[in-house]
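# Notes for the structure review
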Amino acid sequence: MASTEPQPRFGQSVKGLLSDKVSSCGGDVIALTRQVLKGSRSQELLGQAARNMVIQEDAILHSEDSLRKMSIITTHLQYQQEAIQKNIEHSKNLQDQLRHLLK
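Residues numbered from 1 in each chain as written. Predicted model: local features only at pLDDT ≥ 70, side-chain atom pairs only at ≥ 80, totals over all residues. Heavy atoms only, no water.

The protein is annotated in an unreviewed UniProt entry as BLOC-1-related complex subunit 7 of Betta splendens. For the protein, the Subcellular location (unreviewed entry) comment in UniProt is given as "Lysosome membrane". Under Sequence similarities (unreviewed entry), UniProt gives the following word-for-word description of the protein: "Belongs to the BORCS7 family." (UniProt positions renumbered as here; feature names shortened; annotations may be inferred.)

Right, dumping it as structure tokens:
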């Protein structure tokens, strides 16, 4: 099997080739480090997004509960309004009867 290692060219020393190879590996390490950091940042962003979703879910559940309570309060207020209207009508009838009696 043929070696893929570059052979020293005319006028180029083994030391020079080694230096080129070290530089190339250094560049690869830098690229790998960047990818790891980018992956780490992506994980961090995904984690933050998950936490935000949990917070939003709690807020939605709380809002849903508040809406349910407001619906119950609205129903009770409607009952009270109906009772007040009936009392007003009853009061008008009593006032009419009282006027009739006082004439």
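Attention now moves to the overall build of the protein. On a plain count of helices and strands, the protein comes out with one helix and zero strands. Burial analysis of the protein (103 residues in total) assigns 1% to the buried set. Entry remark: accessible area of the protein is about 9900 Å², with carbon and sulfur atoms responsible for 61%. (Helix = DSSP H or I, 4+ residues; strand = E, 2+ residues; numbered from the N terminus. Buried < 20%, exposed > 50% of the residue type's maximum accessible area, 1.4 Å probe, protein only. Areas by Shrake-Rupley, 256 points an atom, 1.4 Å probe, with all protein chains shown as cover.)

This next bit is on the pattern of salt bridges. Enumeration according to the criterion identifies four salt bridges in this entry. Linking D65 and R68 is a salt bridge whose minimum nitrogen-to-oxygen distance equals 3.0 Å. A residue pair is termed a helical-turn pair when its members lie 3 or 4 positions apart in one helix, as D65 and R68 do in helix α1 (residues 14–102) at three residues. Overall, R68 belongs to the partly exposed group, its relative accessible area being 46%. (Salt bridge = Lys/Arg side-chain N within 4 Å of Asp/Glu carboxyl O.)

Residue position: Q48 is located in helix α1. Among the residues examined, Q48 registers a relative accessible area of 35% and is labelled partly exposed. A distance of 3.0 Å separates the side chain of Q48 from the side chain of R51, its partner in a polar contact. (Polar contact = N/O pair within 3.5 Å; in protein donor to acceptor, adjacent residues only side chain to side chain.)

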